[in-house]
Each structure stands twice: as C-alpha cells, then as structure tokens.
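Descriptive analysis of the structure
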Amino acid sequence: MAVGAQDSLDKALVRKYQSLKVDNAIIESSMVDPNKMMETMNDYANAHMEAFRIQQALRNICTKAISMNIHYTKMKNVKTKQERMREAARKIVAAQMAKKNELAQKLAKDPRPQFA
C-alpha cells in the first residue's frame, strides 16, 4: 500500500513499511461477562443515588430542626432609612445652631474693639 508522501523522509518510511502486512489483532473474549459488568455498574449507580437521597433527607431534617429552635425577637425601634436621615440632619442643624449661639454669646460678652 503506497501513501502519498510529502518529503524524502516520508518517502523513505513508505518504502520501508509498504511491504509489511499488518493484520488486525484478534480481540479475544473479555475476562468479564458484559452483562455482569452492566449489573455491577447499575448497582454502583443505585448505591450512589440512594446515598444522595439519604443526604437530601438528612439535610431537610437538620434544616427543620434548626428552624424550630430559632427564636425571633422584635427590635425596639426599627426606623426606615428616610427617618434615620432626617434624624441625622436634625442633629447636624442642632449642632450648628449651638455653635452659632455660643459664638453670639461670646461676642455679646466681649465686643470687638473698634479702631478709629
């Protein structure tokens, strides 16, 4: 059988191996019965599926047990974001007014000297 060689190395390899005959290897019967192998694989898959089902059931049981022990407590004063922002703005304005009043009192006590 000749193969279209691309270069001199390929041509040399073709010349060397074209006279040899290669027979297909005879595939002997497997040592393991295919039906027995399929049964074993099926059993293995069933065992894993059953383990997965047990894991899911345990997860559900644990989740229920944990949720039954949770005690919810109501917070005293839950404020919305808008209420918190208003309160913060009131505090800032109150601080600025206090600072302004303090400066007004200082100026009332010690008036600035006037230059002639």
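Rules and cut-offs
Each chain has its residues counted from 1, following the order in which its sequence is written. Thresholds applied to this predicted model are a pLDDT of at least 70 for local features of residues and 80 or more for the giving and counting of side-chain atom pairs; totals over whole chains, interfaces and linings are not thresholded and use all residues. As a convention, hydrogens and water are excluded, and side-chain values are obtained from all of the structure's heavy atoms. Helix numbering and strand numbering both begin at the N terminus, where a helix is a DSSP run of H or I of at least 4 residues and a strand a DSSP run of E of at least 2. Note that accessible areas follow from Shrake-Rupley with a 1.4 Å probe, and for residues the cover is restricted to the protein chains shown. Take a side-chain nitrogen of Lys or Arg and a carboxyl oxygen of Asp or Glu: if they are within 4 Å of each other, that pair is a salt bridge. When a residue's accessible area, from a 1.4 Å probe over protein chains only, is under 20% of the maximum for its type it is buried; when over 50% it is exposed; and in between it is partly exposed. Confidence of the predictor in every single residue is expressed as pLDDT, which spans 0 to 100.

1. Remarks on the overall build of the protein
Within the protein, the regular secondary structure consists of 3 helices and 0 strands. Across the protein, helices and strands are ordered from the amino to the carboxyl terminus as α-α-α. Of the accessible surface of the protein, which amounts to about 12,300 Å², a share of 60% is contributed by carbon and sulfur atoms.

2. With respect to the pattern of salt bridges
Taken as a whole, this structure holds 2 salt bridges when the rule is applied. Across the pair E50 and R53 runs a salt bridge, and its minimum N-O distance is 3.2 Å. Placement of the pair is E50 and R53 together in helix α2 (residues 34-69), with a separation of 3 residues, close to one helical turn. Given the relative accessible area of 40%, E50 is considered partly exposed. A salt bridge links E87 to K91; the shortest N-O distance between them is 3.7 Å.

3. Some remarks on the confidence of the model for the protein
In the predicted model, the protein carries a mean pLDDT of 82, and 81% of its residues have values of at least 70. Across the protein, the secondary-structure element scoring lowest on mean pLDDT is helix α1 (residues 8-17), at 80, and the one scoring highest is α2, at 92.

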